[in-house]
Amino acid sequence: MQILTEIHRAEGINTHGKTVHRTAVRAVILRGPELLMVYSSNVGDYKFPGGGVDIGETHQQALARELLEECGASLLSVDGELGAIIEYNFAKEKEYDVFKMTSYYYFCQIREEFGSQKLDGYEKELGFQPLWISIDAAILANRSRLDTDEIPQWLRREIFILEHLKHSM
């Protein structure tokens, strides 16, 4: 999959040091002019549904699990690749120098009806809920969060993808 950009979450990260890797998948689901996004009612930002790929899981299996957990949505199909983003940060683990996460974005189709979410603790705290929103409205909401003290770690990544989508449509 094509790497669309690399993001450094902090300055001075030794990207060639001992690295802990994380692989994530994210669903891009279009319905006319709208996208299905996960809205944080406590922060006010939007993110693409998705998350980490568990050991032994395929990307499609991880997408299906994450869509069900975060949105209560059932995956019907994975229709193509949008691209990937690599993010670097300082590692939390003492024995590592750098945390490297690669997020793979896929165009997906889901069933129209939604079931109940199965949110993690932090997702409940953030008030995650699935919402259909226009690309422009999601960009505007996310950009407004850049001027605040509490910026979600995924915000710059999601703004990049939203703007990439807008310009490629």
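Peer 1: So what about the layout of surface pockets? Which residues, and what values?
Peer 2: Considering only enclosed or pocket space, the largest pocket measures out at about 500 Å³ in volume. Contributing to the lining of the largest pocket are 24 residues, with Arg9, Arg22, Phe99, Met101 and Gln153 lying nearest its centre. For the lining of the largest pocket, the elements supplying multiple residues, two or more each, are strand E2 (19-28), strand E6 (50-52), helix H1 (59-71), strand E7 (75-90), strand E8 (98-110) and helix H2 (121-125). No other element matches the four residues that E2 contributes to the lining of the largest pocket. The residue makeup of the lining of the largest pocket, split by class, is six nonpolar, six polar and twelve charged.

Peer 1: Account for the side chain of Glu57, with residues named and values stated.
Peer 2: Examined against the element boundaries, Glu57 turns out to sit in the loop between E6 and H1. Judged by its relative accessible area of 19%, Glu57 falls in the buried class. A polar contact is formed between the side chain of Glu57 and the backbone nitrogen of Asp54, at a distance of 2.8 Å. Within the local environment of Glu57, its side chain forms a polar contact with the side chain of Arg65, the two groups lying 2.7 Å apart. Sequence-distant contacts of Glu57, that is, excluding residues within four places in its chain, are made with Gly52, Ala62 and Arg65.

Peer 1: Describe the environment of Leu75, naming the residues involved and giving the relevant values.
Peer 2: Tracing the backbone through its elements, the reader meets Leu75 in strand E7. Judged by its relative accessible area of 18%, Leu75 falls in the buried class. A sequence separation of 35 residues divides Leu75 from Ile110, and the C-alpha atoms of the two residues are 4.5 Å apart. Contact partners of Leu75, with chain neighbours within four places excluded, come to Gln60, Leu63, Ala64, Leu67, Cys108, Gln109 and Ile110.

Peer 1: Any details on the packing of aromatic side chains? Residues and values, ideally.
Peer 2: Within a pair of aromatic rings, the relevant descriptors are the distance that separates the centres and the angle that separates the planes. Taken as a whole and judged by the stated rule, the model has four aromatic pairs. Look at Tyr122 and Phe128: their rings are 6.2 Å apart centre to centre, the planes differ by 75°, and that puts the pair in the edge-to-face class. Judged by its relative accessible area of 3%, Phe128 falls in the buried class. Pairing Phe128 with Trp154 gives two aromatic rings, centres 6.2 Å apart and planes at 70°, and the pair type is edge-to-face. Residue Phe128 is located in strand E9 (residues 128-134), and its partner Trp154 is located in the loop between helix H3 (135-145) and helix H4 (155-168); the two are separated by 26 residues in the primary sequence. Classification of Trp154 by relative accessible area gives buried; the value is 9%. Chaining the aromatic ring pairs together yields one cluster made of Tyr122, Phe128 and Trp154. The ring of Tyr96 carries Lys18 above its face, with NZ or CZ at 5.1 Å from the centroid. Looking at Lys47, its charged tip hangs above the ring of Trp154, at a distance of 5.9 Å from the centre.

Peer 1: Now, about H4: what can you tell me, with residues and values included?
Peer 2: The end-to-end C-alpha distance of H4 is 20 Å, a good match for the 20 Å that 14 residues give at a rise of 1.5 Å each. Buried residues of H4: Leu155, Arg157, Glu158, Ile159, Ile161, Leu162 and Leu165, and no others.

Peer 1: Run through the confidence of the model for the protein chain, naming residues and quoting values.
Peer 2: Note that predicted coordinates carrying low pLDDT should not be read in detail. Averaged over every residue, the pLDDT of the protein chain is 95; the share at 70 or more is 100%. Taken element by element, the protein chain is modelled with least confidence in H2, mean pLDDT 92, and with most confidence in E8, mean pLDDT 98.

Peer 1: Break down the packing of H3 against H4 for me, with residues and values.
Peer 2: The angle between the axes and the distance between the axes are what describe a pair of packed helices. Their axes nearest at 10 Å, the elements H3 and H4 cross at an angle of 150°. Considering the angle they form, H3 stands roughly antiparallel to H4. For H3 against H4, the interelement crossing comes out left-handed. Seen from H3, the contacting residues are Ile135, Asp136, Ala138, Ile139, Asn142, Arg143 and Arg145; seen from H4, they are Leu155, Glu158, Ile159, Leu162, Glu163, Leu165 and Lys166. Here the residues of the contact of H3 with H4 sort into seven nonpolar, one polar and six charged.

What counts and how
Residues numbered from 1 in each chain as written. Predicted model: local features only at pLDDT ≥ 70, side-chain atom pairs only at ≥ 80, totals over all residues. Heavy atoms only, no water. 1 Å grid on protein atoms, 1.4 Å probe; cavity = no way out; pocket = protein on both sides within 12 Å on 5 of 7 lines; lining within 4 Å. Points joined across faces, edges and corners; volume = space filled by probe spheres on them. Helix = DSSP H or I, 4+ residues; strand = E, 2+ residues; numbered from the N terminus. Nonpolar A, V, L, I, M, F, W, Y, C, P; charged D, E, K, R; others polar. Buried < 20%, exposed > 50% of the residue type's maximum accessible area, 1.4 Å probe, protein only. Polar contact = N/O pair within 3.5 Å; in protein donor to acceptor, adjacent residues only side chain to side chain. Contact = heavy atoms within 4.5 Å. Phe/Tyr/Trp six-rings, centres within 6.5 Å; stacked < 30°, edge-to-face > 60°. Lys NZ or Arg CZ within 6 Å of the ring centre and 35° of its normal. Expected span 1.5 Å × (residues − 1). pLDDT = per-residue confidence, 0-100. Axes fitted to C-alpha atoms, helices over the stretch in contact; angles between N-to-C directions. Parallel < 35°, antiparallel > 145°, perpendicular 65-115°, else oblique. Left-handed = near helix turned anticlockwise from the far one by under 90°.

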